[in-house]
Structure formats: structure tokens, C-alpha cells
Amino acid sequence: MPSVNAPSPPYDAVLLEPHDVGSQTPVSLLEWRGRRGRRLLSGVGRPDPDALRALYEEYGGTVFGFLVATLRDRAAAEDVHQEVFLEVWRRSAGFDPSRGSVLSWIMTIARSRAIDHLRKRVPEPHDPAGVAALADTEDAEGSTDALLEQWRLAHLLRRLPKEEALLLRMRFRDGLSQSEIAERSGIPLGTVKMRMVQGLARLRDMIETEERTP
Amino acid sequence: MSWPVDIADYLLGELDADDRAVAERLLREDASFRAEVERLRPLIARLEALPREAWEPEAPPPAPGIRAPRSHPSRRLVLRPLVAAAASLLLLAAGLGIGLLVADGGGGSARGRTYALAPLGDAPRSAAAVATVTPGDRVLTLEVAGLPPSPEGSFYELWLLNSPTDLVSLGSFRLPASGHATLSVPLPTAPERFRFLDISVEPVDGDPAHSGASVLRGQTA
């Protein structure tokens, strides 16, 4: 491929070979736990790009999904997503794990930035009819909170053991009965039922742990 | 806990009439069964309401400064020294209206260390950018002027660059019709560890590597 920035005299060109940006080991999401998140976040508090990368890999998809769902504008979601992680980077040194989980902290930042963006879209009312616009903004905040809860749940689902997450997905996303799941997956029906209960109970525990943290 | 009916079957509505009657009796008479049902039922409702996309979220956009490894090598990146520093800085000062702030060619000041980026390749000669890192901050603020608005299917990307094997993306951005923008990005490392600050045009092709199409570049030392 020809180089766009081909050197021209009198400059001394330095021609460099094709390259790799770098090598990083992906984080295993299933092994993720809150303690690990806090440790990584404390790493972000220092100038440690590995820590921010790991946080981004863990939470980036959840935040982006929430923003796309909330803003309904992919380009805007990309911009706000970058703002969110910039804020995470800037404020990481002040993160206090006793006040909440990393997930809650990051999603709270995402919620604030999303609402800021939604407010910018709504013009200031100049007549009584404009009051409706403010009411719409309040409605938007309510639906933002509902979406936030959905995406927090979606994030916790990815922390489940994959065999449990698979069954929950087949049941609740695909609408299959437990018998149909057993038939399609080849897993014995008794095992399907056992894992279904285990998965639900484990997920419920995760939610309660999240909610217990102030 | 063991009950004569499966609690998941009950919660998922998969019991026949006889077993459902047993479950409803348990609900009235067995506090532990009732507690477990009440604990799990809201979760079932939340899972049933979860939108399809939440089950398999799409990949987020590339992160500033933390790009994933490139999947395939392809592009050639050419580095060259900056154009004459004095001329570039005059252009920058004129284009961005920052006057003496960058008049020393990108040195330190009480307001922070500044780096001047001058046009390369097909970039308009009036294009310029100034990056500022305030003391003690790990955020770089970039002011860009004179570049065309982001073409369809592409975006601009800011890099710290030593060589094609030693570079880090600081963030991507789009420009409005004015061609002027100010943005802030996290700094994962000291700029002085790299020789250049570089802005490239990147196609939206999922390839995180530098495209080789630089439009602005400035030395960091």
C-alpha cells in the first residue's frame, strides 16, 4: 500500500515496517469480582494504562450499551462513552469502595453524562407550551434510570458461570421452556432445572450484594 | 432446600395443574418456600423485561489510550521530521489565536506544557493543533483548527508515537463543519516518552492500527 505521508526532500524520511500496536492479555470476565474491580480502579488512580484498559474491557460494553439505549444515537453514545471513561480516569483516585461498587460508580457517572446530553437536546421553554418539554426531560430521566437498572443486570449476568448464563439466556432471551432447552442443548432436564435455580439464586445474590453497598 | 415441586418450574409457569396446586399450598403454609419465591420473582420479571441487545452487548468503541491488538498487519506508517518549526508555530498561533503560549515551540509554561502539531500529507496548510498538558494532570487537552470535517466513514485519531512498534492511541474524535474542536483525553503515559504527537485519519474498518494517513504531527521533545 502506498504511503500517504510519503517523505519528500529535503526531509530525511524514516520508513518503518508494519507493526502491531501492542499485546495485551484480555481480562477473563467470568473471573471478575468486585474486589478485582476495586484493585484495578486503584491502579487507575496511578498512571497505569493496564488498569484502565482492564476496567474498560470489563465495563466498556455495559456502559456503551446503556448509552446507546438511552441516547438512541450511536454517534452521541460514542462521544459520551469517551467522556465517561475520561471522568473515570480523572476521578479514579477519589473512588471510595466503602460507598459503592465499581459498577455502581461507573454507571452513576454514565447516567449523569447521559442526562447532561439529553438536557442539551431539549431547548429552553419560552412559552407555556414549553413546560411540556421540561416534563419530557423528567420522563427521560425516569426511563434513563430504568435502562440503568437493566444494564446493571445485564452486566451481572456476564459474571455468572457460563453454563448458568447460557440457560438463562435460552430461557429469557429466546423464550424456551426448560424442556426445550434440555432438548436443544442435550443437557439432561434435571440438570437444566438445577442450573436454572442455581443461576437465578446466584444472580439474586449478586444483585443484593450490589444493593447492600450504600 | 427441597420441596415437592421445583421452584423454578413454578416461577417459570411450567407446572401442570396438580403441581401448581401443591405450589400454591406451599406458598400459604411454608414460609421458606414463600420467602424463596418472593426473593426470586422480581428477578424473573426483570429478566423477562431485559431487551435482547442487553444479553449480548456490542463491543464499545476503541478506548482512548488502550487499544486492542491489531488483528492483521497491513498499513505502512512513515514518520518524518516536522516542517520548519518557526513557520509551523506562526501558523498555529494565527490559526488558533493562542499567541505567545506556543511561541517557544512547545515548551513548558505556568499554564502547562504545550506541543504544536503542523500539517502533513494532504492536510490543508492552514491546519494546526496545539496540545496542552497541565502540570500534575494526566489529561491532555487538544485544540484543533483548519482540518476538514470528518469525512463519511472515517474519524480522526490522536496518537503518541515513537515508531510503528511503539505507539499509543489517546483517543478518536470527529470534527464539525467548522473544522475547529477542543477535546480532552486521558494520558496513560508521559508524552515525553514518545517522539511525536500525531493525528491521523482512520477509516471505520475495525482495524485499531494507525492508518498511515497522518494529517498533523508535532514533536514532543
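Residues numbered from 1 in each chain as written. Chains lettered and ligands numbered in written order. Predicted model: local features only at pLDDT ≥ 70, side-chain atom pairs only at ≥ 80, totals over all residues. Heavy atoms only, no water.

1. Observations concerning the overall build of chain A
Tallying secondary structure elements over chain A gives eight helices and one strand in all. In sequence order, chain A lays out its α and β elements as β-α-α-α-α-α-α-α-α. Taking all 214 residues of chain A together, the buried fraction comes to 44%. In chain A, once contacts between residues fewer than 6 apart in sequence are set aside, the share between residues at least 24 apart is 67%. (Helix = DSSP H or I, 4+ residues; strand = E, 2+ residues; numbered from the N terminus. Buried < 20%, exposed > 50% of the residue type's maximum accessible area, 1.4 Å probe, protein only. Contact = heavy atoms within 4.5 Å.)

2. Points about the environment of A:Met206
All names here are of chain A. Summarising the element assignment, Met206 is placed in helix H8 (residues 189-212). Judged by relative accessible area, which is 16%, Met206 ranks as buried. Along the primary structure Met206 and Leu156 are separated by 50 residues, whereas in three dimensions their C-alpha atoms are 7.0 Å apart. Apart from the residues lying within four places of it in its own chain, the contact partners of Met206 are Leu156, Arg159 and Leu160.

3. Side note on the packing of aromatic side chains
A full pass over the atoms with the stated rule returns four aromatic pairs over all chains. Put simply, the rings of B:Trp3, B:Tyr10 and B:Phe33 touch in pairs and so form one group of aromatic residues. Over the aromatic face of A:Phe172 sits the side chain of A:Arg171, whose NZ or CZ is 5.4 Å from the ring centroid. Directly above the aromatic system of B:Phe196 lies the positively charged group of B:Arg217, at a separation of 5.7 Å from the ring centroid. (Phe/Tyr/Trp six-rings, centres within 6.5 Å; stacked < 30°, edge-to-face > 60°. Lys NZ or Arg CZ within 6 Å of the ring centre and 35° of its normal.)

4. A word on the pairing of strand S2 (residues 113-119) of chain B
Residues and elements named next belong to chain B. With six of seven residues buried, S2 lies mostly within the body of the structure. As judged from the five bridges shared by S2 and strand S3 (residues 128-133), these two strands associate in the antiparallel manner. Residue pairing in the sheet places Ala116 in a bridge with Val130 of S3. Relative to strand S9 (residues 214-219), S2 is paired through two bridges, and the arrangement is antiparallel. Residue pairing across strands places Ala118 opposite Arg217, the latter belonging to S9. (Pairing = 2+ DSSP bridges.)

5. Quick look at unusual backbone geometry
At A:Arg72, a residue that is not glycine, the phi angle is positive and equals roughly 55°. Assessed through its relative accessible area of 74%, A:Arg72 is described here as exposed.

6. A few points about the packing of helix H6 (residues 162-173) of chain A against H8(A)
Residues and elements named next belong to chain A. Following both chains from N to C, one finds H6 and H8 inclined at 95°, their axes separated by 9 Å at the closest point. In terms of axis orientation, H6 runs roughly perpendicular to H8. Between H6 and H8, the residues in contact are Glu163, Glu164, Leu167, Leu168, Arg171 and Phe172 and Val192, Arg195, Met196, Gln198, Gly199, Leu200, Arg202 and Leu203, respectively. Along the lines of polarity and charge, the residues of the contact of H6 with H8 split into seven nonpolar, two polar and five charged. (Axes fitted to C-alpha atoms, helices over the stretch in contact; angles between N-to-C directions. Parallel < 35°, antiparallel > 145°, perpendicular 65-115°, else oblique. Nonpolar A, V, L, I, M, F, W, Y, C, P; charged D, E, K, R; others polar.)

7. Considering the sheet that holds strand S8 (residues 196-203) of chain B
The pairing of strands in a sheet comes from backbone hydrogen bonds and takes either a parallel or an antiparallel form. Residue and element names in this part refer to chain B. In space, the eight strands of this open sheet follow the order S6-S5-S8-S9-S2-S3-S4-S7, with antiparallel pairing throughout. Every interior strand has two partners, whereas the edge strands, strand S6 (166-173) and strand S7 (181-186), have only one. The average undirected angle you get between the axes of adjacent strands in this sheet is 25°. The sheet contact formed by S8 and S9 spans five bridges and is antiparallel.

8. Things to note about the nonpolar core
Grouped together as the largest cluster of nonpolar side chains are 68 residues, with contacts concentrated most on A:Phe66, A:Val84, A:Leu168, A:Leu200, A:Leu203, B:Phe33 and B:Leu47. Once residues within four sequence positions are removed from consideration, A:Leu203 is found in contact with A:Leu153, A:Leu156, A:Leu157, A:Leu160, A:Leu168, B:Leu43 and B:Leu47. Counting residues in hydrophobic clusters, the runner-up holds 27 residues, among them B:Tyr115, B:Leu170, B:Ala181 and B:Leu197. (Core = buried A, V, L, I, M, F, W, Y, C linked by side-chain atoms within 4.5 Å.)

9. Details of the pattern of salt bridges
Applying the stated criterion to the full structure yields 24 salt bridges over all chains. We note a salt bridge from B:Glu192 to B:Arg113, for which the minimum N-O separation is 3.5 Å. Of this pair, B:Glu192 sits in the loop between S7 and S8 while B:Arg113 sits in strand S2, and the two are 79 residues apart along the sequence. By sharing partners, the salt bridges in this structure join A:Arg169, A:Arg173, A:Asp174, B:Arg52 and B:Glu56 into a single network. (Salt bridge = Lys/Arg side-chain N within 4 Å of Asp/Glu carboxyl O.)

10. Some details on the confidence of the model for chain B
Residues and elements named next belong to chain B. Residue-level pLDDT values for chain B average 76, and 76% of them are 70 or greater. Put simply, helix H5 (residues 85-96) is where chain B has its lowest mean pLDDT, 44, and helix H2 (residues 17-29) is where it has its highest, 93. Across residues 66-74, where pLDDT falls below 50, the model places 28 contacts with residues more than four positions away in sequence or in other chains. Complex prediction metrics read pTM 0.58 and ipTM 0.70. (pLDDT = per-residue confidence, 0-100.)

11. Focus on the side chain of B:Ser200
All names here are of chain B. The residue Ser200 is located in strand S8 in this model. Side chain to side chain, Ser200 and Glu202 meet in a polar contact 2.6 Å long. Once residues lying within four places of it in the same chain are set aside, the contact partners of Ser200 are Phe155, Tyr156, Glu157, Trp159, His210, Ser211, Ala213, Ser214 and Val215. (Polar contact = N/O pair within 3.5 Å; in protein donor to acceptor, adjacent residues only side chain to side chain.)

12. A few points about the confidence of the model for chain A
Residue and element names in this part refer to chain A. Mean pLDDT for chain A: 73, with 66% of residues reaching 70 or above. Residue range residues 1-35 is modelled with pLDDT below 50. Its contacts to residues more than four positions away, or to other chains, number 79 contacts. Ignoring residues within four places in sequence, the model shows residues 128-134, a span with pLDDT below 50, making four contacts including any to other chains.

13. Some details on the side chain of A:Arg171
Counting through the fold element by element, A:Arg171 comes out in helix H6. From its side chain, A:Arg171 meets the backbone oxygen of B:Leu12 in a polar contact 3.3 Å long. In this structure, A:Arg171 is in contact with A:Leu176, A:Ile181, A:Met196, B:Leu12, B:Glu14 and B:Glu48, ignoring residues within four places of it in sequence.

14. Quick notes on H6(A)
Taken together, the buried positions of H6(A) are A:Glu164, A:Ala165, A:Leu167, A:Leu168, A:Met170, A:Arg171 and A:Phe172. Where H6(A) ends, the next residue or the one after it, A:Gly175, has phi of about 75°, a positive value.

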